Amino acid sequence: MRLIRLILLCLIMPAAALAQSFEEIARALPEGSYDDRADRVSALASSGDPRAEALLTALVGGDLAVLKSDGRLVIVTDGSATDALSGDPAGSVTRRDVTPVRVNNNLRGHVRAALGTLGLVAESPAARTRAAAQVEAAPDPAQLSALEAALSRETDTKARDALEIARASVLLVAPDATPDERAEALALIAERRGAAAQGRIRPLLSDPALKDAARTALADIERAEALRGWGLTLWQGLSLGSVLLLAAIGLSITFGVCGVINMAHGELVMLGAYTTFMVQEVIRTHAPGLFDWSLAIALPLAFLVTAAIGIAVERGIVRRLYGRPLETLLATWGVSLILQQAVRSIFGPNNRQVGNPSWMSGSVEVLGLSLTWNRIWIMLFALAVFGFLMLVLRRTALGLQMRAVTQNRAMAAEMGIRTGRVDALTFGLGAGIAGLAGVALSQIDNVSPNLGQGYIVDSFMVVVFGGAGSLWGTLAGAFTLGIVNKLAEPLAGAMLAKVMILIFIILFIQKRPRGLFPTRGRAVEG
Amino acid sequence: MRLIDRNMTVFLGGLFILTVAIPLMQGNILPGYAIQLAGKYLCYALLAVALDLVWGYAGILSLGHGAFFALGAYVMGMHLMREIGTRGVYANPELPDFMVFLNWDSLPWYWLASGSFAATLALILLVPGCLAFVFGWFAFRARVSGVYLSIITQAMTYALMLAFFRNEMGFGGNNGLTDFKDLLGVSLSSPEMRLVLFIASALALAGGLLLARAITASHLGRVLVAIRDAESRTRFLGYRVEHYKLFVWTVSAMMAGVAGALYVPQVGIVNPGEFAPANSIEVVIWVALGGRGTLAGAALGAIMVALTRTLLTGWLPDAWLYALGALFILVTLYLPKGIVGALGDLRPARKQSKEVPA
């Protein structure tokens, strides 16, 4: 096999074997039979000489000519001639001064194919890869020899990969390739190109020799595509889940510890997003160089702003309503209306522009899936917030007290825990986390006064589904709902998927009225 | 317990006087749209009474009563759409305009009954009633209560809102149902029809109040209050708590549906925005302001808030949400029994202070 190829190679490229200089071959272009001239074109193209491109382009365009006066090879453009080899101007010429180098259709096709392979011998591997991709896009059997020559020299892995695919593409359309070669080429393309090759492989189903190979290749591609689709759905579900986790986790701890639903939670998320906007505005006007740090600066600020509001709400309103959870719900709804309108009055009702720092824009390719950096960072951030809360709850005195109050408020008070202080701090912590969520959501959502409204029902669902006051429950709830939502979307459409999930949760509460991970204790008994 | 107590007498008397006075004053003292506006307020009041029945007496804080209201409204809206007939833009005798626009060739099955007024009247009760029955059946049997119940009622209305926004549902999608022409052959914009709708709203409100009062004043009503105040204890006494709750919940939803059905011909449009959770929560503050568990107070609260809203959005549009937000906070903090409840507290206190020196 290899021997045959080698022999073929030698047969096809006699010009190269003769080791004539570029100039000599070029000067011989007008002479001899069309077959000889085609060989010379191949030789020029594979020479790697930078002059080859202009020369061959002129040849195919009919602009290459021989000066009658001194026999020099020139390129004629708009009545002025340039020496084709030295590049010097050769004065203005008329049609009578020159003899055009003749080309027929056959040779023209050959030159075009040769032009396509010019890049294959370029200096940089990137240029060679590009050229191989061009060959792959428009394969021509005439390019086979140049490709094989390039392959035998190629050392760069990426360029080699591209060349192999290009060669396979050419083999698929080459009339004189053996069925074995073509089947091999088909397998290579199907393996490396996946779904993008489907269009190229499908016509081969009518080719009796390749029918079976094409069918298996298509089936493989479809299987791989389906797998990729599932991967993508899973990723989107995880991404939505992390957003839900961020939005719901603060709500969950205040509900768990204080037994109250903070209806203003969504608005605290919105305030976090507006804090990011403010930070970016200040940075834009005073220190544009810090823009990439804007989120890092906004995080503590957003936490402080929203935690302060949260503590104020707890001290001013929620504290007076303990034992009446439904009234708390109404009062915090009032707070949410006021916060919403306040933001609308100050910043206007329209969306505000919050930019992505450079490290959050763009995307990365993982296993054939294109994952955007902002989604990846938000997922990591959500998990970090979860870990941070876990640490607070498990490793700090406040966390211990919070868990004690969640389980049995009266007993905790008997043991000397200042439950009022724990309530205020919990509320502040929950609100602060809403602020952190706002910073993250400002990167993927519209920053408008209605930002919080979009998440409030969903985050309630997460809390109810996972079980109030349980961090693990919130985590499980958020990711389950996120993934189920994305799985259902292609089946039923975005809106109907949401409706189905809400119905599912309403039914789920039948079986487990306290959620997936019910908190043991008394605080949740309304 | 008397069926018509003091509060009820005062409120029904006031309602009667207004029902007579507003049509008389319209055009001279009050602006020309006063009847329509007042009719709208009365529908709100009926919705508030429906909510008070479940929240005030059975302790079920529904954040989704707007859904039942909107369902009643849609049933009525469908009938009004059918009455447009060939006067629509596309002049299709059978299909409403939006269906022609969506290239539908026949009415979906759930639109078939809407051609008949009698069937529509039945559906106004049945559609919200059935939804409430099914929802309540699941929720109360699983002993979902307190904030959990509030949250899933909110989810219910939110889900319905999303569903009704879809064009494929066949309820006009985003735009809802509008461009109504007449009801029972009489133009909706004629003064007679407006007067009839206004009086019908007043009668529905009075009827709703009396029905709610009859329920709450009965033995069943006392069991409901017992459930509200100590659910487990009531259950241990042998009462099937979920049956009581389910009954009052379904009645309340039907009442809300009637309110919605009367509302639509007076405002001329119904769209999925009626299902918005914020609307349902606003109803709660009407009840809280007027006085939870006072029925007449709830109706009064609805009218007061709606009137304030109309006036304030006219004068200072930005101030309305501040005012509403403040109302939520101040009423829950300082007026837990609402206006009627606070007035009620004043009276026995005076009586007692007279008795003590004697």
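Residues numbered from 1 in each chain as written. Chains lettered and ligands numbered in written order. Predicted model: local features only at pLDDT ≥ 70, side-chain atom pairs only at ≥ 80, totals over all residues.

## Regarding the overall build of chain B
Looking only at helices and strands, chain B features 14 helices and four strands. Principal-axis analysis of the C-alpha atoms places the extent of chain B at approximately 80 × 55 × 40 Å. Across the 358 residues in chain B, those meeting the buried criterion constitute 47%. (Helix = DSSP H or I, 4+ residues; strand = E, 2+ residues; numbered from the N terminus. Buried ≥ 20, exposed ≤ 12 C-beta atoms within 10 Å, placed from the backbone.)

## A word on the overall build of chain A
Within chain A, the secondary structure is distributed over 22 helices and seven strands. Over its C-alpha trace chain A gives a radius of gyration of 35 Å, far above what one expects of a compact globule, namely 24 Å for 526 residues. In terms of overall dimensions, chain A has a C-alpha envelope of 110 × 60 × 40 Å along the principal axes. Considering chain A as a whole, with its 526 residues, one finds that 44% of them fall into the buried category. Across chain A, the fraction of contacts at a sequence separation of at least 24, relative to all contacts at a separation of at least 6, is 70%. (Rg over C-alpha atoms; globule rule 2.2 N^0.38 Å. Contact = placed C-beta atoms within 7 Å.)

## Details of the interface of chain A and chain B
Each partner contributes to the interface: chain A provides 35 residues, whereas chain B provides 37 residues. Broken down by secondary-structure element, the contributors of at least two residues to the side of chain A that touches chain B are helix 15 (325-347), helix 20 (453-466) and helix 22 (494-511) of chain A. Tallying contributions element by element places helix 15 of chain A first for the side of chain A that touches chain B, with 14 residues. Among the residues forming the side of chain A that touches chain B, the class breakdown is 26 nonpolar, six polar and three charged. (Nonpolar A, V, L, I, M, F, W, Y, C, P; charged D, E, K, R; others polar.)

## Topic: helix 11 (residues 277-290) of chain B
All names here are of chain B. For helix 11, which comprises 14 residues, the first-to-last C-alpha distance of 21 Å matches the rise-based estimate of 20 Å (1.5 Å per residue) to within 8%. Of the residues making up helix 11, those classed as buried are Pro277, Ser280, Ile281, Glu282, Val283, Val284, Ile285, Trp286, Val287, Ala288, Leu289 and Gly290. Where helix 11 terminates, the next one or two residues include Gly291, which has phi positive at roughly 135 degrees. (Expected span 1.5 Å × (residues − 1).)

## Thoughts on the sheet that holds strand 3 (residues 80-83) of chain A
Residues and elements named next belong to chain A. Across the sheet, which stays open at both edges, the five strands sit in the order 4-3-2-1-5 with antiparallel pairing between neighbours. Both edges of this open sheet fall to strand 4 (89-92) and strand 5 (98-100), since each of them pairs with a single strand only. Neighbour-to-neighbour, the strand axes of the sheet open up by a mean angle of 35 degrees, direction not taken into account. With three bridges connecting them, strand 1 (residues 64-67) and strand 5 associate as antiparallel partners. Counterpart to Val66 in the pairing with strand 5 is Thr99. (Pairing = 2+ DSSP bridges. Axes fitted to C-alpha atoms, helices over the stretch in contact; angles between N-to-C directions.)

## Some points on unusual backbone geometry
Residue and element names in this part refer to chain B. The backbone of Asn103 sits at a positive phi, close to 65 degrees, despite the residue not being glycine. With respect to the element layout, Asn103 can be found in the loop between helix 4 (97-101) and helix 5 (117-141). With phi around 55 degrees, Arg143 is a residue other than glycine that occupies positive phi space. Tracing the sequence through the fold places Arg143 in the loop between helix 5 and helix 6 (146-165).

## With respect to the pairing of strand 2 (residues 73-77) of chain A
All names here are of chain A. Judged by how many residues are buried, strand 2 sits mostly within the fold: four of five residues are covered. One ladder, built from three bridges, connects strand 1 with strand 2; its direction is antiparallel. Note that in strand 2 the partner of Val66 across the bridge is Leu73. Count of turn residues in the strand 1/strand 2 antiparallel hairpin: five residues, of which Gly71 carries a positive phi of about 75 degrees. Two elements, strand 2 and strand 3, share four bridges in a ladder whose sense is antiparallel. If you follow Ile75 over to strand 3, its bridge partner there is Thr82. In sequence, strand 2 turns back onto strand 3 through a hairpin of two residues, with Asp78 there showing a positive phi of about 50 degrees.

## Description of the confidence of the model for chain B
All names here are of chain B. Summarising the model, chain B shows a mean pLDDT of 87, and 97% of its residues fall at 70 or more. Confidence, expressed as mean pLDDT per element, reaches its minimum in chain B at helix 14 (residues 338-355) with 68 and its maximum at helix 10 (residues 241-267) with 94. Here the predicted complex carries an ipTM of 0.87, next to a pTM of 0.77. (pLDDT = per-residue confidence, 0-100.)

## As for the pairing of strand 3 of chain A
The side chains of a regular strand alternate, residue by residue, between the two faces of the sheet. Residue and element names in this part refer to chain A. As paired strands, strand 3 and strand 4 are joined by two bridges and run antiparallel to one another. If you follow Thr82 over to strand 4, its bridge partner there is Pro89. Connecting the antiparallel pair strand 3 and strand 4 is a turn made up of five residues, with Gly87 showing a positive phi of about 85 degrees.

## Considerations on helix 9 (residues 157-173) of chain A
Over its 17 residues, helix 9 of chain A runs 25 Å from end to end, which matches the ideal 24 Å to within 8%, given 1.5 Å per residue. Within helix 9 of chain A, the full set of buried residues consists of Ala159(A), Ala162(A), Leu163(A), Ile165(A), Ala166(A), Arg167(A), Ala168(A), Ser169(A), Val170(A), Leu171(A) and Leu172(A).

## Side note on the nonpolar core
Leu46(B), Leu47(B), Ala48(B), Val49(B) and Ala299(B) are the most contacted members of the largest nonpolar core, which has 204 residues in total. Of the residues forming this core, the biggest block, 18 residues, is contributed by helix 2 (residues 34-58) of chain B. Setting aside residues no more than four positions away along its own chain, Leu46(B) makes contact with Ala204(B), Leu205(B), Gly208(B), Met255(B), Val258(B) and Ala259(B). Residues Leu29(A), Ala52(A), Leu59(A) and Ala190(A) belong to the second largest nonpolar core, which totals 58 residues. (Core = buried A, V, L, I, M, F, W, Y, C linked by C-beta atoms within 7 Å.)

## Examining the environment of Gln510(A)
Within the fold, Gln510(A) resides in helix 22. By the C-beta count within 10 Å, which is 14 here, Gln510(A) ends up partly exposed. In contact with Gln510(A), not counting residues within four places along its chain, are Phe138(B) and Ala142(B).

## Overview of the confidence of the model for chain A
Residues and elements named next belong to chain A. Across chain A, the average pLDDT comes to 80, with 94% of residues at or above 70. Mean pLDDT per element in chain A: helix 2 (residues 14-18) is the minimum at 45, and helix 14 (residues 294-316) is the maximum at 91. Scored below 50 in pLDDT, residues 14-18 shows 10 contacts in the model against residues more than four places distant or in partner chains. Segment residues 522-526 is flagged for pLDDT under 50; beyond a separation of four residues in sequence, or across chains, it makes 18 contacts in the model.

## Quick word on the packing of helix 9 of chain A against helix 10 (residues 179-193) of chain A
Residue and element names in this part refer to chain A. The contact between helix 9 and helix 10 brings their axes to 8 Å, and the two run at 135 degrees. When the axis of helix 9 is compared with that of helix 10, the two are oblique. Between helix 9 and helix 10 the crossing geometry is left-handed. Residue-level inspection shows Glu164, Ile165, Ala168, Ser169, Leu171 and Leu172 of helix 9 in contact with helix 10, the latter providing Glu181, Arg182, Ala185, Leu186, Leu188, Ile189, Arg192 and Arg193. Split into classes, the residues belonging to the contact of helix 9 with helix 10 amount to eight nonpolar, one polar and five charged. (Parallel < 35°, antiparallel > 145°, perpendicular 65-115°, else oblique. Left-handed = near helix turned anticlockwise from the far one by under 90°.)

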